[in-house]
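# Overview (structure and organization)
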Amino acid sequence: MKYPLGEYEREKITSKTGKKLDDINLEEIKKGNITGEDIKISKEMLRKQGQVAMEADNPPMARNFERAAELVDVPDEVILKMYNMLRPNRATKAELLAMADELNKKYNAKTCAKLVLEAAEVYEKRGILL
């Protein structure tokens, strides 16, 4: 993959619903052929961007893209709930453990679940849990 993907890999870019990047345009929007779901990024594109990050020797960025890829299928309200729970003094350890379990079992978001578990441990040590 050559970065930027939109310039060098345009024909390979697809949305969450499988629409090609070139098929998402103002004319199709006016016709009502493009929905909000059609403009969301796909897991595959996020993983490809993670590959680009790894090739550029940026493992932290690659891990961010992997977590983002996992979250594609997680409902927005669950993501917002997780975000709020990860703020200091916003959740109990039990609540964070339950969130990690939900991410892992219900959405197969294993690296995101691991991040929440790690946060629960760190927050407990730092005394920033409810």
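Conventions adopted
- Residues numbered from 1 in each chain as written.
- Predicted model: local features only at pLDDT ≥ 70, side-chain atom pairs only at ≥ 80, totals over all residues.
- Heavy atoms only, no water.
- Core = buried A, V, L, I, M, F, W, Y, C linked by side-chain atoms within 4.5 Å.
- Buried < 20%, exposed > 50% of the residue type's maximum accessible area, 1.4 Å probe, protein only.
- Helix = DSSP H or I, 4+ residues; strand = E, 2+ residues; numbered from the N terminus.
- Contact = heavy atoms within 4.5 Å.
- Axes fitted to C-alpha atoms, helices over the stretch in contact; angles between N-to-C directions.
- Parallel < 35°, antiparallel > 145°, perpendicular 65-115°, else oblique.
- Nonpolar A, V, L, I, M, F, W, Y, C, P; charged D, E, K, R; others polar.

### Comments concerning the nonpolar core
Ranked by size, the top nonpolar core spans 21 residues in total, and within it M82, L86, L96, M99, L103, V116 and Y123 carry the most contacts. Residue contributions to this core peak at 6 residues, all from helix α7 (residues 110-126). When near neighbours in sequence (up to four residues on either side) are disregarded, M82 contacts L71, M99, L103 and V116. L46, A53, A69 and V72 belong to the second-largest nonpolar core, a separate cluster that totals 6 residues.

### What about the packing of helix α4 (residues 59-71) against α7?
Packing of α4 against α7 brings their axes to within 7 Å, and their N-to-C directions diverge by 110 degrees. Relative to α7, the element α4 lies roughly perpendicular. Touching E66, R67, E70 and L71 of α4 are K110, T111, C112 and L115, all from α7. The class makeup of the residues in the contact of α4 with α7 is 3 nonpolar, 1 polar and 4 charged.

### Some words on the side chain of S15
Checked against the element boundaries, S15 lands in the loop between α1 (5-8) and α2 (26-30). Given a relative accessible area of 5%, S15 falls into the buried group.

Such coordinate-based values are descriptive only and should not be taken to indicate function.
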